[in-house]
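Residue-level structure breakdown
Residues per chain are reported as follows:
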Amino acid sequence: MLFEKPKWVKHERQGRDVELCPLFSVDIDSTGQRLATAANDNKVRIWAMGPILDAQKEQDPSVPKLLATLTDHFEPVNVARFSPKGNLIASGSDSKLVVINQLMPGPASVRFGDKDAPSLENWKQMHVLRGHKSNVCD
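Note that the structure is predicted; figures quoted are calculated from it, not measured.

When the charged atoms of two side chains lie near each other, side chains of opposite charge can form a pair. Scanning the entire structure with this criterion turns up five salt bridges. Linking R13 and E19 is a salt bridge whose minimum nitrogen-to-oxygen distance equals 3.6 Å. Using a relative accessible area of 41% as the deciding quantity, one classes E19 as partly exposed. Note that R34 is salt-bridged to E121, the shortest N-O span being 2.9 Å. You can see R34 sitting in strand 4 (residues 34-39) and its partner E121 sitting in the loop between strand 9 (98-104) and strand 10 (122-129), a full 87 residues away along the chain. A relative accessible area of 13% means that R34 is categorised as buried. Note on E121: relative accessible area 15%, which makes it buried.

See the structure below:
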């Protein structure tokens, strides 16, 4: 499948210079409201689909685009997949981990020292599955 993404759907690695990171995985939840991306910046980002599908929403600064940034991995994230209900997301990385996050009610919290924009949605880590013998890929 070919996927042409908007320029604002991106992962960046912060250092001396800002570096764009290639996307390794994309998934759309079953409601069609969210898009998850995974990349070698060690993060999963969850985006609103509204601005992707509707040019007016894309141009409206009051419509959020980035809903959440999940920073549970310490190495590149190879895959991110929503559950059928869309309230869980599993991600796998080069650190041989699968992390499962759940969408919770209420406001998101900010991690100390986090340089990413505050998340609008409250995704909480529920499980970490360890013991894989190799990188976790799709």
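We are not done yet, so read on.
Next up on the list: the nonpolar core. In terms of nonpolar packing, the biggest core is built from 13 residues, with V44, I46, L70, A80, F82, I89 and W123 touching the most fellow members. Of all the elements in the fold, those that place two or more residues in this core are strand 4, strand 5 (44-48), strand 6 (66-70) and strand 7 (77-82). When residues no more than four places from it in sequence are discounted, the contact partners of V44 are H11, T37, A68, T69, L70, V77, A80, I89 and S91. In terms of nonpolar packing, the next biggest core, distinct from the first, is built from five residues, W8, L35, W47 and M49 among them.

The next point concerns the environment of S62. Structurally, S62 can be placed in the loop between helix 2 (55-59) and strand 6. Accessibility expressed as a relative area gives 56% for S62, which makes it exposed. Side-chain polar atoms of S62 contact the side chain of D60, separated by 2.7 Å.

Once that is clear, we can look at the sheet that holds strand 9. Sheet architecture is open: four strands sit in the order 7-8-9-10, paired in antiparallel fashion. Only two strands of the sheet have a single neighbouring strand rather than two, namely strand 7 and strand 10. Sheet twist, expressed as the average angle between the axes of neighbouring strands with direction ignored, equals 25°. In terms of strand pairing, strand 7 meets strand 8 (residues 88-93) through five bridges, oriented antiparallel. Each residue of the ladder has a partner; that of V77, found in strand 8, is S93.

The next subject is the packing of aromatic side chains. Enumeration according to the criterion identifies two aromatic pairs in this entry. Seen from their ring centres, W8 and W47 are 5.9 Å apart, and the 55° between their planes marks the pair as tilted. In this pair, W8 is assigned in the segment before strand 1 (11-13) and W47 in strand 5, connecting sequence segments 39 residues apart. W8 gets classed as buried once you look at its relative accessible area, which sits at 17%. Measuring from centroid to centroid gives 6.3 Å for F82 and W123, while their planes differ by 55°, and the two rings are tilted. With a gap of 41 residues between them, F82 in strand 7 and W123 in strand 10 connect regions that are remote in the sequence. The ring of W8 carries K65 above its face, with NZ or CZ at 5.6 Å from the centroid.

Bringing the sheet that holds strand 6 into the picture now. Spatially, the four strands line up as an open sheet ordered 3-4-5-6, and their pairing is antiparallel. The open sheet has two free edges, formed respectively by strand 3 (23-28) and strand 6, since each of these has just one partner strand. Taking each pair of neighbouring strands and ignoring which way they run, the sheet shows an average axis angle of 20°. Sheet analysis places strand 5 next to strand 6, joined by four bridges and oriented antiparallel. Its bridge partner being in strand 6, W47 is matched across the sheet by L66.

How each quantity is defined
Residues numbered from 1 in each chain as written. Predicted model: local features only at pLDDT ≥ 70, side-chain atom pairs only at ≥ 80, totals over all residues. Heavy atoms only, no water. Salt bridge = Lys/Arg side-chain N within 4 Å of Asp/Glu carboxyl O. Buried < 20%, exposed > 50% of the residue type's maximum accessible area, 1.4 Å probe, protein only. Helix = DSSP H or I, 4+ residues; strand = E, 2+ residues; numbered from the N terminus. Core = buried A, V, L, I, M, F, W, Y, C linked by side-chain atoms within 4.5 Å. Contact = heavy atoms within 4.5 Å. Polar contact = N/O pair within 3.5 Å; in protein donor to acceptor, adjacent residues only side chain to side chain. Pairing = 2+ DSSP bridges. Axes fitted to C-alpha atoms, helices over the stretch in contact; angles between N-to-C directions. Phe/Tyr/Trp six-rings, centres within 6.5 Å; stacked < 30°, edge-to-face > 60°. Lys NZ or Arg CZ within 6 Å of the ring centre and 35° of its normal.

Functional significance is not addressed by these values, which are geometric in nature.
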